[in-house]
Amino acid sequence: MAKYLVIVESPAKVKTIKKFLGSNYEVVASNGHVRDLPKSTMGIDIEHDYEPKYITIRGKGDKLAELRRCVKRADKVFLATDPDREGEAISWHLANSLKLDKKKTSRITFNEITKSAVKESLKNPREIDMNLVDSQQARRVIDRMVGYSISPLLWMKIKRGLSAGRVQSVALRMLCDREEEINAFIPKEYWDMDVVLKYKNKEFAANFYGDKKGKIEISGKQQLDNIIGELQGCDFTVKNVKKGSRTRKAPIPFTTSTLQQEASKALNFSTQKTMRIAQQLYEGVDIKERGSVGLITYLRTDSTRVSETAEAQVKEFIEKNYGQTYMTKEINVKTTGKKIQDAHEAIRPTDVTLIPEKVKDQLPRDQFRLYQLIWRRFVASRMQSAVYETTNVAIEAGNYVFHASTSRLDFDGFMKIYTESDNEKVVTNNAIAKLEKDEVPTFVKFEENQHFTQPPAHFTEAALVKAMEEQGIGRPSTYAPTITTIIARRYVTREKKNLYVTELGEAVNNVMKTAFKVIINTDFTANMESLLDAVEEGTVEWKTIIRNFYPDLNEMVKDAEQKLEKIHIADEESDEICEECGRRMVIKYGPHGKFLACPGFPDCKNTKPYLEKAGVPCPKCGKDVILRKTKKGRRYFGCIDNPDCDFMSWQKPSTEKCPKCGGYMVEKGNKLACADVECGYVQNKIPEKSL
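Residues numbered from 1 in each chain as written. Predicted model: local features only at pLDDT ≥ 70, side-chain atom pairs only at ≥ 80, totals over all residues. Heavy atoms only, no water.

A. Up close: the overall build of the chain. Counting its regular elements, the chain contains 18 helices and 31 strands. For the chain, the spread of C-alpha atoms along the principal axes amounts to about 95 × 85 × 45 Å. The buried share of the chain, taken over its 691 residues, is 49%. In the chain, the proportion of contacts linking residues at least 24 apart, taken out of those at least 6 apart, comes to 67%. Put simply, the chain has 112 plus and 97 minus side-chain charges, and the middle of one group is 4 Å from the middle of the other. (Helix = DSSP H or I, 4+ residues; strand = E, 2+ residues; numbered from the N terminus. Buried < 20%, exposed > 50% of the residue type's maximum accessible area, 1.4 Å probe, protein only. Contact = heavy atoms within 4.5 Å. Lys, Arg positive; Asp, Glu negative; His and termini not counted. Charge placed at Lys NZ, Arg CZ, Asp CG, Glu CD.)

Rendered as structure tokens:
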């Protein structure tokens, strides 16, 4: 009998796949990549048409020796690494490292680790797709060029071993730009007003809309009081009642991006945690009477396509368990206009009949919660839209118009099993639903509320993934690693769900903005992704991208070296005297920011925290305000006398007092604003006179 060898990436897949195949098959894992570019050098031969210099990854020698022994025993080898560009590249590296005979080597892929999918892939073997390999090579080489060319410049500027990356630098730029927007934001006052009315002994609220000419924004208390004054004694008459219905479409199945976003909002998972648990569900978990089972399809995808087999299975499941009325006639599809990598399906359960409740006792809590989310989303995507009965009412009083509306769920549709985390809450008010034209409800009271416009929200991981996807930055496989990297390097800190840029992140971003505007340009990064897609399609030769990219990068680096040398500053002396040797201490920059060190190192190793003065007195006690950081690295301004003085501000305080209320002002971009938002005073900053 012939002997067959199947090589996969992960040891977890070995157990799942082995049970599908007969005794003639041996299944082994490569444990990921076996070859890569060297860490000590760029590893790209610039002089010989940018040829990569691949080497065996340290520690993989024994694994390759084991694989070679397995290859010798086999009559045919199947390379079954992941079904994406990186998986294709791993298969190619394995073929080269193991010197596999092309005649007895085939590439197989499966989108789910099930018996039918694995056996079907063995019936349809193919050669390694070099377009996919070259697309991955191009990404790897470009990212290596960016990292190994720019990192030394960061060392020159910030003095410690930092690094830059093509995608991570753009993500950091997006976070820094949002931080600048927030810091420069000036809140504006506005008011809203409801009138509480009674109809048939039931109260309801109608929202102020405007007058008969159109909508009116209430910007201050005086304007509000004037409107209320004009309404005194007026009847509130129903002028229009509009009955109707609206539908809420079923969601589309998960892609990598939408899974990460929804898992963050609904389960409070980080992107990294979501991908780790999804990988476990994909590779296989032990289920009673079934053994190791892959519960979901491949987790790195931006396609919402579903196979015909899965489509038929879910329709049968819905009809059997919920009835024909819940089966959709028109599937909601994703329409972004952007190119979709449609090699894979959407993320869905491999067997829709394996309902979450059946496996709840056999899965760890987090695995169960993520599986349940994926299962419900997929089944819901093939169900009918939810339908609401709506009533919209226009009420006039004097010259002014108020609106009231209510909804009632008429048919739950997909919402029978799935509700998105940000789904609107429907409040049904029967009093509004019963109103008729020309009715005059009884006036009860006015309810008024003061508000201030809010700055853009800080990015969460979910929001950053969404923004990256919308702008075409990165691909499904890169979202989680990108965010993980900028957090691990302390460029960004995560507090609760929000991401904040650290002082170190600001410093790195400033260097990149000064010297490498093109690299951190979102359009440039998105265009690069499109070029990599073209390589995958076979319409662009991968080295053409490198040949066009590297000379420009090299020119930018040379130009930046000159600029950075001109602005390179030696260690700045502080006013602090080293209490151990009497020297004047200098300001150093470490992984966690600035600190004071004795210039006598290594003879004197004294260091201490650097208290950077803001140059303004504390508004509470008059002592110095210094720049401080939270435990996670987020910067703020606080009194040097803390904890005796509890002053703190996220914005830099000004020496100028508010002429309106006498409080302290803070800097917001090119303006000064009163720290008390209810005061609301704003003025332009007086530009400093140049010397």
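B. Quick look at the pattern of salt bridges. In this structure the tally under the stated criterion is 38 salt bridges. A salt bridge links lysine 221 to glutamate 448; the nearest nitrogen and oxygen atoms lie 3.4 Å apart. You can see lysine 221 sitting in helix α7 (residues 221-231) and its partner glutamate 448 sitting in strand β17 (residues 442-452), a full 227 residues away along the chain. Among the residues examined, glutamate 448 registers a relative accessible area of 31% and is labelled partly exposed. (Salt bridge = Lys/Arg side-chain N within 4 Å of Asp/Glu carboxyl O.)

C. Fine view of the sheet that holds strand β29 (residues 664-668). A sheet is described by the order of its strands in space; here four strands give the open sequence β28-β29-β30-β31, paired in antiparallel fashion. The open sheet terminates on both sides in strands that have one partner only, identified here as β28 (653-657) and β31 (682-684). Across the sheet, the axes of successive neighbouring strands diverge by a mean angle of 35°, strand direction being ignored. Bridge count for strand β30 (residues 671-674) against β31 is three bridges, and the pairing is antiparallel. Paired with alanine 673 across the strands is valine 682, a residue of β31. (Pairing = 2+ DSSP bridges. Axes fitted to C-alpha atoms, helices over the stretch in contact; angles between N-to-C directions.)

D. The arrangement of the sheet that holds strand β8 (residues 105-107) in detail. With parallel pairing, the four strands of this open sheet are ordered in space as β2-β1-β7-β8. Because the sheet does not close on itself, it has two edges, and the strands there are β2 (25-29) and β8. Going across the sheet, the axis of each strand differs from the next one's by a mean of 20°, ignoring polarity. Strands β1 (4-8), β2 and β7 (76-79) of the sheet are contacted by helix α2 (residues 61-73), whose axis makes an angle of about 165° with β2.

E. Molecular detail of the side chain of serine 10. Structurally, serine 10 is set in the loop between β1 and α1 (11-18). A polar contact of 3.1 Å, which involves the side chain of serine 10, links it to the backbone nitrogen of alanine 12. Setting aside residues no more than four positions away along its own chain, serine 10 makes contact with Ala29 and Glu283. (Polar contact = N/O pair within 3.5 Å; in protein donor to acceptor, adjacent residues only side chain to side chain.)

F. Main features of the nonpolar core. Phe110, Leu295, Ile296, Leu370, Tyr371 and Val379 are the most contacted members of the largest nonpolar core, which has 63 residues in total. Top contributing element to this core by residue count: helix α12 (residues 365-381), with nine residues. Sequence-distant contacts of valine 379, that is, excluding residues within four places in its chain, are made with Val314, Phe317, Ile318, Val352 and Ile417. Of all hydrophobic cores here, the second largest spans 55 residues; its members include Ile44, Met145, Met174 and Val535. (Core = buried A, V, L, I, M, F, W, Y, C linked by side-chain atoms within 4.5 Å.)

G. Quick peek at unusual backbone geometry. Residues phenylalanine 601 and proline 602 are joined by a peptide bond in cis, for which omega reads 10°. Here proline 602 lies in the loop between β22 (593-597) and β23 (607-609). Between asparagine 642 and proline 643 the backbone carries a cis peptide bond, its omega angle lying at 15°. Within the element layout of this structure, proline 643 appears in the loop between β26 (635-639) and β27 (648-649). One non-glycine residue, glutamate 289, adopts positive backbone phi at about 70°.

H. Geometry of the packing of helix α6 (residues 166-184) against helix α14 (residues 461-470). Where α6 contacts α14, the axes come no closer than 11 Å and their chain directions differ by 115°. The hand of the α6/α14 crossing is right-handed. In this structure, α6 uses Val167, Ala171, Met174 and Leu175 to contact α14, whose residues at the interface are Leu464, Ala467 and Met468. Tallied by class, residues from the contact of α6 with α14 come to seven nonpolar, no polar and no charged. (Left-handed = near helix turned anticlockwise from the far one by under 90°. Nonpolar A, V, L, I, M, F, W, Y, C, P; charged D, E, K, R; others polar.)

I. Fine view of the environment of glutamate 389. Note on placement: glutamate 389 falls in strand β15 (residues 386-397). With 258 residues separating them along the chain, glutamate 389 and asparagine 131 place their C-alpha atoms 53 Å apart. Ignoring sequence-local partners within four residues, the contact set of glutamate 389 consists of Gly244, Ser245, Thr406, Ser407, Arg408 and Asp410.

J. Spatial organisation of the pairing of strand β25 (residues 624-629). With three bridges joining them, strand β24 (residues 612-617) and β25 adopt antiparallel strand pairing. When the bridges of β25 are listed, lysine 613 appears paired with isoleucine 626. As paired strands, β25 and β26 are joined by five bridges and run antiparallel to one another. Along β26, the bridge assignment pairs valine 625 with cysteine 639.

K. Fine view of the packing of aromatic side chains. Applying the stated rule across the entire model yields 18 aromatic pairs. Consider the rings of tyrosine 326 and phenylalanine 411, whose centres lie 4.9 Å apart with planes at 40°: the pair is tilted. Note that tyrosine 326 is positioned in the loop between α10 (308-322) and α11 (356-359) and phenylalanine 411 in strand β16 (residues 400-411), a separation of 85 residues in sequence. With a relative accessible area of 10%, tyrosine 326 lands in the buried category. One aromatic cluster is present, built from ring pairs that chain together Phe208, Phe236, Tyr400, Phe402, Phe443 and Phe446. Sitting over the face of the ring of tryptophan 92, arginine 35 holds its NZ or CZ atom 5.6 Å from the ring centroid. (Phe/Tyr/Trp six-rings, centres within 6.5 Å; stacked < 30°, edge-to-face > 60°. Lys NZ or Arg CZ within 6 Å of the ring centre and 35° of its normal.)

L. Inspection of the state of the cysteines at higher detail. Following the criterion strictly, the structure yields zero disulfides and no others. Take cysteine 604: it sits in no disulfide, and the sulfur closest to it among the cysteines is that of cysteine 598, at 3.6 Å. No disulfide involves cysteine 661; its nearest neighbouring cysteine sulfur is the one of cysteine 674, lying 3.5 Å away. By relative accessible area, cysteine 661 is classed as partly exposed at 44%. (Disulfide = S-S within 2.5 Å.)

M. Main features of helix α8 (residues 256-267). In a regular helix each residue adds 1.5 Å, so 12 residues correspond to 16 Å; α8 covers 15 Å between its end C-alpha atoms and thus fits that length. For α8, the buried fraction is high: 10 of the 12 residues fall into the buried class. Along α8, the positions that sit buried rather than exposed are Thr256, Ser257, Thr258, Leu259, Gln260, Gln261, Glu262, Ala263, Ser264 and Leu267. Taken from the residues just after α8, asparagine 268 is the one with a positive phi, measuring 65°. (Expected span 1.5 Å × (residues − 1).)

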